[in-house]
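Listed below, chain by chain, are the residues.
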Amino acid sequence: METKHPPFFRDAGLKTTIKACGIELDLGRQRLTASDYEGLLALANIKDVLGAQQRMMKGAVVNESEGRRALHTSLRAHSKKVPEYTSVLSERERFLAFADDIRSGRRTGCRGHKITDVINIGIGGSDVGLRTVYNALRSPNPSIRLHFLAACDGIQLDRILSQCDPTTTLAVVSSKSFTTRETQVNAGAIDQWFLDAGIVGPDRRHHMVMASANDQAPSILCLPQENLFRSWDWVGGRFSLWGATGLPLAIALGSDKFLQLLSGAEMMDRHTLEAKPEENLPLHLALLAYWNSTHWGMSSHCLLTYDERLVQMVPWLQQLEMESLGKTAKGFEGVPTGQSVWGAHGNEAQHSFFQWLREGTARSSIDIVWSETPGHRFAEHYRVLLANARAQSEALVSRETDDKYFNALSTLAVDALTPARLGSLMALYEHKTTMLGSLYGLNPFDQPGVELGKKLSLALEAGTSTP
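What counts, and where the lines are drawn
Residues numbered from 1 in each chain as written. Predicted model: local features only at pLDDT ≥ 70, side-chain atom pairs only at ≥ 80, totals over all residues. Heavy atoms only, no water. Salt bridge = Lys/Arg side-chain N within 4 Å of Asp/Glu carboxyl O. Helix = DSSP H or I, 4+ residues; strand = E, 2+ residues; numbered from the N terminus. Buried < 20%, exposed > 50% of the residue type's maximum accessible area, 1.4 Å probe, protein only. Contact = heavy atoms within 4.5 Å. Expected span 1.5 Å × (residues − 1). Arc of directions from axis to C-beta.

(A) Just the pattern of salt bridges, in detail. Under the defined criterion, the tally for this structure stands at 25 salt bridges. Between E394 and R10 there is a salt bridge, with the nearest N and O atoms lying 2.8 Å from each other. Here E394 is found in helix α14 (residues 379–395), whereas its partner R10 is found in the segment before β1 (17–20), with 384 residues between them in sequence. With a relative accessible area of 31%, E394 lands in the partly exposed category. For the salt bridge of R421 with D415, the shortest nitrogen-to-oxygen distance reads 2.7 Å. In this structure, a network of salt bridges that share partners links the residues R10, D26, R29 and E394.

Laid out in structure tokens, this is it:
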């Protein structure tokens, strides 16, 4: 019977692993020949994908619909050569000093009590990246707990407030524009909670600060200007955790860990700029995603993390890719662009949707991610978990050869999940996403569909529209 399965890349006789920044990518289970692979590298050259990344990082206007630069890489840089270095460094030093003062107890609540809880009030890009980092790096019993108030949902609000004391709580209101409706409502609710506890007038400055690109944010919340930590309109929300948006992380984890996170991301930035195409990690992730979506018609991409510390990467990557690439390429209607992104903890998902992944009537691209070093002392747990990760890497691509349904799979092994390695891993996926913008011919920095939904919701609130 004629085979309907395309060949594995590991059968092409070429090197199938690429390693940089402590991350090893194995693309041997991808579905392409040596000729296909050479064609993809040629396409990257034709579309000048790496040149576009360089222009972005040097400050060119790449967000054409909004007439803006996209300089999220400057937020994590430690080089005077990068655009906006002086202003970024000044603000970084200011918010890290504030974080250190909170952690040490030099800066307290209005009644002299040490801050024990921080509530991050923000949604979308002001939320999911922070959750990802905190879940990965937090200690089992943190001295300062970090809570996330994102949705305009009273249940979420109730559950957070039930764990906190207003006299020992700091709220960080995070919004680039400071007009996001959910964030406004949640900030008002927290402010009322402080008011009910007698924290009013000048005392409020001890319990609420802001991270925003809107200079009017302090006057909106009736807080002093010094309580504003600045972001800029040349950083999109989903790329913003590296700057003042990350203040809650610096408080909860410590400025040292935050700086290590930035250093790891900067390391991946340098790799992206300096590595040859055949050794460039993010370029390979982007080319494989492009190939799988346009050539094989794989509209679904599944991220499987075999590490509890990385499970929040799924919604983070979902927002990063789907908000950036969920668009139709102008002039090329009908051409597949960004994939839908989903996933879970791999070991748990084996007993949930792996049946569909392996035996269902679809084709999916898959990333399996694990750490080569456990983050705990339970040796047998790690041995079993890693065995499952490696076994499923084969099981998910092992259908019968006459079956027209198949998957394409990559593994990413991180040598140890340190703050620096996490920074590199997240920056890797950021570069993959912006490179896909070049490959698809899309602007990955705007989100017109999101903005439309906001306008309709406001109209419904005001009673000037009906669903």
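Now that the structure is up, let's keep going.
(B) Looking closely at helix α4 (residues 128–137). Across the 10 residues that make up α4, a large majority, eight, are buried. Taken together, the buried positions of α4 are occupied by V128, G129, L130, T132, V133, Y134, A136 and L137. Summarising the contacts, the buried residues of α4 are in contact with β5 (117–121), β6 (145–149), α8 (247–253), α9 (255–274), α11 (313–325) and α15 (419–440).

(C) Summary view of helix α6 (residues 181–196). Given a rise of 1.5 Å per residue, 16 residues ought to cover 22 Å, and the 23 Å separating the end C-alpha atoms of α6 matches this to within 8%. Every buried residue belonging to α6 is among T183, N186, A187, I190, W193 and F194, and all of these are buried. Take α6 and look down its axis: the buried residues cluster within an arc of 115°, on one side only. Tucked into the core, α6 has its buried residues touching β5, β6, α5 (154–161), β7 (169–174) and β8 (208–212). G198, located one to two residues past α6, shows a positive phi value of around 85°.

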